[in-house]
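Architecture and fold: a report
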Amino acid sequence: MINVIGLGYIGLPTALMMSSHGVEVIGTDYNKELVSTLNAGHTTFKEDGLDELFQEALKAGIKFTTEYQVTDTYIVSVPTPYDKFSKKVDAIYVVAAVKDVLKVAPKNATLVVESTVSPGTIAKSIRPVLEEQGRTDINLVHAPERIIPGNMVYELLHNNRTIGADDRATGEKVKELYSSFCQGDIVVTDIKTAEMTKVVENTFRAVNIAFANELAKICRHDNMDVYEIIKICNMHPRVNILQPGPGVGGHCISVDPWFLVGDYPSLAKVIDESMKTNDGMPDFVLNRIHEIMREKGMTDVSRVGLYGLTYKENVDDMRESPTLQLLESQERHLASGLKVYDPFIVKDVVDNQYHDLDEFLNDIDMVVIMVGHNEIKENYEKLRDKIIFDTRHIYDGECYRL
Ligand SMILES: NC(=O)c1ccc[n+]([C@@H]2O[C@H](COP(=O)([O-])OP(=O)(O)OC[C@H]3O[C@@H](n4cnc5c(N)ncnc54)[C@H](O)[C@@H]3O)[C@@H](O)[C@H]2O)c1
């Protein structure tokens with residue numbers, strides 16, 4: 001039996017996937033409300049195919065509880081934020097979960113950390129806990145997760161995976177467990193290499209996004225069309241530039257590269273600058289809104305609306321989203337008034353938030369497309385008399401861009 005600890009965006013789909021592929025699974029989360037929602041037969045976030053997977057797992061007998069289980073294998077998928085000051089990974093949740101696992105884990109149990117951590121975290125923060133408690137019998141494994149919100153179920157099945165373990169036999173045993181559902185290649189390596197690969201993958205993405213964002217700033221400064229330039233450059237056989245955007249959000253690309261900056265401050269220079277470039281994009285968008293308003297003779301900021309609160313299209317995950325960062329920036333400038341709407345966010349989370357597209361559009365003259373949800377793509381005719389500022393380069397008609 002597998003006890004999955006932490007039933008959030010990563011732990012829940014993982015638990016469901018294993019259960020629906022014949023593995024006996026009990027999911028544990030210390031959030032009582034979340035566990036009762038799952039036990040009442042409801043998923044806790046929206047994701048393509050998740051509800052179907054949930055039903056299959058229920059049929060297969062998955063259970064959800066707040067209690068840690070006595071079993072031979074644990075998978076820990078709890079949050080790993082970064083310390084805003086030092087930029088280092090904050091392993092506090094992983095350490096707490098490991099301590100609780102150790103209270104019940106039998107001898108020689110396997111403890112798989114799926115949470116993303118910086119290289120050396122397991123050696124520095126987890127192993128000492130095992131040593132303090134005389135539990136060096138526990139087999140530590142790191143199996144970082146690569147799935148992307150919006151395509152999680154498909155990617156769980158098809159992505160390649162990395163498993164880091166102290167010895168080959170443990171690595172192979174965990175590989176066999178993941179092979180129950182994973183159709184991709186599974187590489188077995190050591191723990192520090194596995195830790196580093198995950199962080200490097202997200203850093204690669206962050207640096208490449210930053211390059212596109214920097215190009216957008218250069219092109220704006222000198223009135224060049226960044227999208228046309230990227231399109232032409234990408235016709236070169238060895239060039240593949242990403243698209244610029246209003247900023248980077250989510251739990252991975254906007255967070256994990258900081259771990260390397262925190263751990264190697266004098267070495268991770270390109271990474272540091274890239275993260276600052278990406279973090280500067282919401283402010284760049286805010287300035288651009290101001291510029292466009294001036295050009296159009298608009299003075300009332302409450303006639304401007306931000307479309308989209310999530311960090312990417314067609315998901316309900318708002319963590320670190322560019323729109324939230326932009327609203328924070330507005331507040332820091334002691335300003336207010338921007339209107340906001342997102343079809344995926346049903347609760348009131350910010351000021352001036354709308355829950356109906358038509359009402360939102362009725363109350364504004366300028367719409368800033370922050371997220372390319374399908375909904376807006378299907379309703380372009382409703383934008384006909386609006387000033388459009390498209391930060392995602394999805395709207396074909398006349399509009400302002402980054
Ligand atoms: N979200 C993503 O897209 C993504 C992708 C790849 C990797 N990751 C990594 O996966 C890890 C988990 O991220 P997430 O997005 O699933 O986080 P999340 O916040 O959605 O879920 C974490 C869950 O763990 C629970 N929890 C925390 N401490 C606990 C404890 N001690 N015992 C029991 N439950 C506990 C919380 O209540 C929460 O439900 C992070 O390290 C993240 O970096 C996330």
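The structure this text deals with has already been given above.
Presented here is an overview of the structure given in this document. (Residues numbered from 1 in each chain as written. Predicted model: local features only at pLDDT ≥ 70, side-chain atom pairs only at ≥ 80, totals over all residues. Heavy atoms only, no water.)

Quick notes on the overall build of the protein chain
Per the secondary structure count, the protein chain includes 15 helices and 14 strands. For 402 residues, the compact-globule estimate of 2.2 N^0.38 gives 21 Å, and the protein chain sits close to it at 23 Å. For the protein chain, the spread of C-alpha atoms along the three principal axes comes to 70 × 50 × 45 Å. Looking at the protein chain residue by residue over its 402 residues, the buried ones come to 54%. Of all intrachain contacts in the protein chain linking residues separated by at least 6 positions in sequence, the fraction that spans at least 24 positions is 69%. Only carbon and sulfur atoms are counted for the fraction: they give 50% of the accessible area of the protein chain, which is about 18,700 Å². Taking the 42 positively charged and 61 negatively charged side chains of the protein chain as two groups, their mean positions are separated by 3 Å. (Helix = DSSP H or I, 4+ residues; strand = E, 2+ residues; numbered from the N terminus. Rg over C-alpha atoms; globule rule 2.2 N^0.38 Å. Buried < 20%, exposed > 50% of the residue type's maximum accessible area, 1.4 Å probe, protein only. Contact = heavy atoms within 4.5 Å. Areas by Shrake-Rupley, 256 points an atom, 1.4 Å probe, with all protein chains shown as cover. Lys, Arg positive; Asp, Glu negative; His and termini not counted. Charge placed at Lys NZ, Arg CZ, Asp CG, Glu CD.)

Topic: the site of the ligand
Taken together, 25 residues sit near the ligand, with Ile 10, Asp 29, Tyr 68, Thr 80 and Thr 116 positioned nearest. Here an oxygen atom of the ligand sits 2.9 Å away from a polar atom, N or O, in the main chain of Ile 10. Between the ligand and Thr 80 there is a distance of 2.6 Å, counted from an oxygen atom to a side-chain nitrogen or oxygen. Of the residues in the shell around the ligand, the class split is 13 nonpolar, eight polar and four charged. (Near = heavy atom within 4 Å. Polar contact = N/O pair within 3.5 Å; in protein donor to acceptor, adjacent residues only side chain to side chain. Nonpolar A, V, L, I, M, F, W, Y, C, P; charged D, E, K, R; others polar.)

Thoughts on the pairing of strand E1 (residues 2–5)
For a regular strand, side-chain orientation follows a simple rule: the groups alternate between the two sheet faces. Of the two faces of E1, both are covered, the one formed by Ile 2 and Val 4 as well as the one formed by Asn 3 and Ile 5. Pairing of E1 with strand E2 (residues 25–28) involves four bridges; the strand directions are parallel. Bridge pairing links Val 4 to Gly 27 in E2. For the segment spanning E1, helix H1 (residues 11–20) and E2, crossover handedness is right-handed. (Pairing = 2+ DSSP bridges. Right-handed = clockwise from strand over helix to strand, strands pointing away.)

Section: the packing of helix H8 (residues 191–221) against helix H11 (residues 269–279)
Two numbers describe how H8 lies on H11: the axes approach to 8 Å, and their chain directions differ by 55°. Here H11 runs oblique to H8, going by the angle between their axes. When the axes of H8 and H11 are compared, the crossing they make is left-handed. Facing Thr 203, Ala 206, Val 207, Ile 209, Ala 210, Asn 213, Glu 214 and Lys 217 of H8, the residues of H11 in contact are Val 270, Ile 271, Ser 274, Met 275, Thr 277 and Asn 278. Looking at the contact of H8 with H11 residue by residue, the class counts come to seven nonpolar, five polar and two charged. (Axes fitted to C-alpha atoms, helices over the stretch in contact; angles between N-to-C directions. Parallel < 35°, antiparallel > 145°, perpendicular 65-115°, else oblique. Left-handed = near helix turned anticlockwise from the far one by under 90°.)

A word on the nonpolar core
One recurring pattern in soluble globular proteins is that nonpolar side chains are buried together. Among the nonpolar cores identified, the biggest contains 37 residues, and Leu 7, Leu 12, Leu 16, Met 18, Phe 64, Ile 75 and Tyr 178 are the most heavily contacted of them. At five residues, H1 tops the list of elements feeding residues into this core. With residues up to four places along the chain from it excluded, the contact list for Ile 75 reads Ile 2, Asn 3, Val 4, Ile 5, Met 18, Val 112, Glu 114, Leu 177 and Tyr 178. Counting residues in each nonpolar core, the second largest holds 34 residues, with Ile 230, Ile 289, Val 368 and Phe 389 among its members. (Core = buried A, V, L, I, M, F, W, Y, C linked by side-chain atoms within 4.5 Å.)

Considerations on the environment of Asp 316
Relative to the helices and strands, Asp 316 resides in the loop between strand E9 (304–307) and helix H13 (322–332). Not counting residues up to four positions away in its chain, the partners in contact with Asp 316 are Tyr 9, Phe 45, Lys 46, Thr 310, Phe 344 and Ile 345. At 3.2 Å, the side chain of Asp 316 and the backbone nitrogen of Lys 46 are in polar contact.

Here's the deal with the environment of Gly 150
Here Gly 150 shows up in the loop between strand E6 (139–142) and helix H6 (152–158). For Gly 150, a relative accessible area of 25% translates into the label partly exposed. Taking the C-alpha atoms as reference, Gly 150 lies 21 Å from Asp 390; in sequence the two are 240 residues apart. Sequence-distant contacts of Gly 150, defined by excluding residues within four places in its chain, comprise Glu 47, Asp 48, Lys 312 and Val 315.

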